[in-house]
Amino acid sequence: MIKALLARFQQKHRTMSFPDGPPPALPERFRGRPILDTAKCPDGCRKCADACPTAAITIADKAQIDLGRCLFCTDCQDACPHQVVTYLQDYRLATRSREALVVAQDEELVLAEALDTKLRRLFGRSLKLRQVSAGGCNACEADVNVLGTVGWDIGRFGIQMVASPRHADGLLITGCVTENMKLALEKTYAAVAAPKLVIAVGACAISGGPFLDLPAQHNGAASVVPVDLYIPGCPPHPLTILDGLLRLLGRLEE
Ligand code: SF4
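Residues numbered from 1 in each chain as written. Predicted model: local features only at pLDDT ≥ 70, side-chain atom pairs only at ≥ 80, totals over all residues. Heavy atoms only, no water.

Caption draft 1: Representation of the overall build of the protein chain within the structure. For the protein chain, the helix and strand inventory stands at eight helices and 10 strands. Rg of the C-alpha trace for the protein chain: 19 Å, near the compact-globule value of 18 Å for 254 residues, within the 12% margin. Structurally, the protein chain occupies a C-alpha span of about 70 × 45 × 35 Å along its principal axes. Sequence separation of at least 24 residues holds for 76% of the intrachain contacts in the protein chain that already meet a minimum separation of 6. Carbon together with sulfur atoms contributes 53% to the accessible area of the protein chain, which is approximately 13,000 Å² in total. Positive and negative charge centroids in the protein chain, built from 28 and 27 side chains respectively, lie 10 Å apart. (Helix = DSSP H or I, 4+ residues; strand = E, 2+ residues; numbered from the N terminus. Rg over C-alpha atoms; globule rule 2.2 N^0.38 Å. Contact = heavy atoms within 4.5 Å. Areas by Shrake-Rupley, 256 points an atom, 1.4 Å probe, with all protein chains shown as cover. Lys, Arg positive; Asp, Glu negative; His and termini not counted. Charge placed at Lys NZ, Arg CZ, Asp CG, Glu CD.)

What follows is the structure, encoded as structure tokens:
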């Protein structure tokens, strides 16, 4: 016992202070929000759009990028010799609507606004989520799990993953919603008492990701259940997920 206490004393306090303090440093190679600068484009060039495996980039009247489809894979950047596509270090990506994730070149991303006062009173200090992996590769699930570790400790915000939808205030869905998982997702959603929240995490859960339009899946959670928060990424960084959850609960203002 003394040894355990001594080890704890030596290790000190490991939970980050974010959001009261600065966010943890992100590695240089971290890819945040992709942006386009088509002023550099030669006439008629579509190399970035053609290289994109999920058709996330459209270059019609105005260039826009769908963050709900983006896999942050850099294929567009690699295909373009003019450095039209760059990635910000900005980890903040979550939105309340699917439409807000489609961002034109000259637009700002409208980040998720908080729940209304009544729902914030209900969920703001205690939010229990049932995680549903609806055909994911486990990358998004892994980054959600990271939030439960001592460094991130989402329990300090009252957020907790629970084992049963009967104990949950909402669902956190990953994966493209395969045909084989559709019924399970519908049943799990039905088993959560109203009012309830649904959070779609990752490109698959938002749009189908790399499986977009394949017949064995449903292009994400919104085709089956109403979604309250979209958190893009492939997978999203834990900081992106935490940022989205805290915005939804009104714990982050800017
Ligand atoms: S990073 Fe990949 S998925 Fe995202 S827009 Fe570029 S090519 Fe498409």
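Caption draft 2: A look at unusual backbone geometry. Here the amide bond leading from F18 into P19 is cis, since omega sits at 15 degrees, within 30 degrees of zero. By the element assignment, P19 lies in the loop between α1 (2-11) and β1 (34-36). Going from C234 to P235, the amide bond is cis rather than trans, its omega being -10 degrees. Relative to the helices and strands, P235 resides in the loop between β10 (229-231) and α8 (238-248). Even without being glycine, D153 reaches a positive phi, approximately 50 degrees. Topologically, D153 is positioned in the loop between α5 (139-146) and β7 (159-161). You will see that V177, though not glycine, has its phi angle at about 65 degrees, which is positive. Tracing the sequence through the fold places V177 in the loop between β8 (170-174) and α6 (179-191). With relative accessibility at 0%, the residue V177 sits in the buried group. (Buried < 20%, exposed > 50% of the residue type's maximum accessible area, 1.4 Å probe, protein only.)

Caption draft 3: Structural view of the sheet that holds strand β5 (residues 102-104). What the three strands build is an open sheet, ordered β2-β3-β5; its pairing is antiparallel. Pairing within the sheet leaves two strands with one partner each, and these edge strands are β2 (57-59) and β5. Sheet twist, expressed as the average angle between the axes of neighbouring strands with direction ignored, equals 20 degrees. Taken together, the three bridges between strand β3 (residues 63-66) and β5 define a ladder with antiparallel strand orientation. When the bridges of β5 are listed, I65 appears paired with V103. (Pairing = 2+ DSSP bridges. Axes fitted to C-alpha atoms, helices over the stretch in contact; angles between N-to-C directions.)

Caption draft 4: Up close: the packing of aromatic side chains. Applying the stated criterion to the full structure yields one aromatic pair. Measuring from ring centre to ring centre gives 6.3 Å for F18 and Y91, while their planes differ by 85 degrees; the resulting arrangement is edge-to-face. In this pair, F18 is assigned in the loop between α1 and β1 and Y91 in the loop between β4 (85-87) and β5, connecting sequence segments 73 residues apart. Accessibility expressed as a relative area gives 4% for F18, which makes it buried. (Phe/Tyr/Trp six-rings, centres within 6.5 Å; stacked < 30°, edge-to-face > 60°.)

Caption draft 5: The arrangement of the sheet that holds β7 in detail. Ordered in space as β7-β6-β8-β9-β10, the five strands form an open sheet in which the pairing is parallel. Both outer strands of the open sheet, β7 and β10, are each paired with one neighbouring strand and no more. In this sheet, neighbouring strand axes are inclined to one another by 25 degrees on average, regardless of whether the strands run parallel or antiparallel. When strand β6 (residues 127-133) meets β7, the two strands line up parallel, connected through three bridges. Its bridge partner being in β7, K128 is matched across the sheet by Q160. Along the sheet, α5 makes contact with β6, β7, β8 and β9 (197-201), crossing β8 at roughly 135 degrees.

Caption draft 6: Representation of the site of the ligand. Around the ligand, the surrounding shell holds 14 residues, and the nearest of these are C52, C70, L71, C73 and C76. When its residues are assigned to classes, the shell around the ligand shows 11 nonpolar, two polar and one charged. (Near = heavy atom within 4 Å. Nonpolar A, V, L, I, M, F, W, Y, C, P; charged D, E, K, R; others polar.)

Caption draft 7: Here's a closer look at a nonpolar patch on the surface. Among the surface-exposed residues, M1, I2 and L5 lie close enough to one another that they form a single nonpolar patch of about 400 Å² accessible area. Mapped onto the elements of the fold, M1 is located in the segment before α1. (Patch = residues over 30% accessible without salt bridge, like charges linked within 9 Å, V, L, I, M, F, W, Y side chains within 5 Å. Salt bridge = Lys/Arg side-chain N within 4 Å of Asp/Glu carboxyl O.)

Caption draft 8: Geometry of the pairing of β3. Pairing of β2 with β3, which is carried by three bridges, proceeds in the antiparallel orientation. Note that in β3 the partner of T58 across the bridge is Q64. Where β2 folds back on β3, the antiparallel hairpin that results is connected by three residues.

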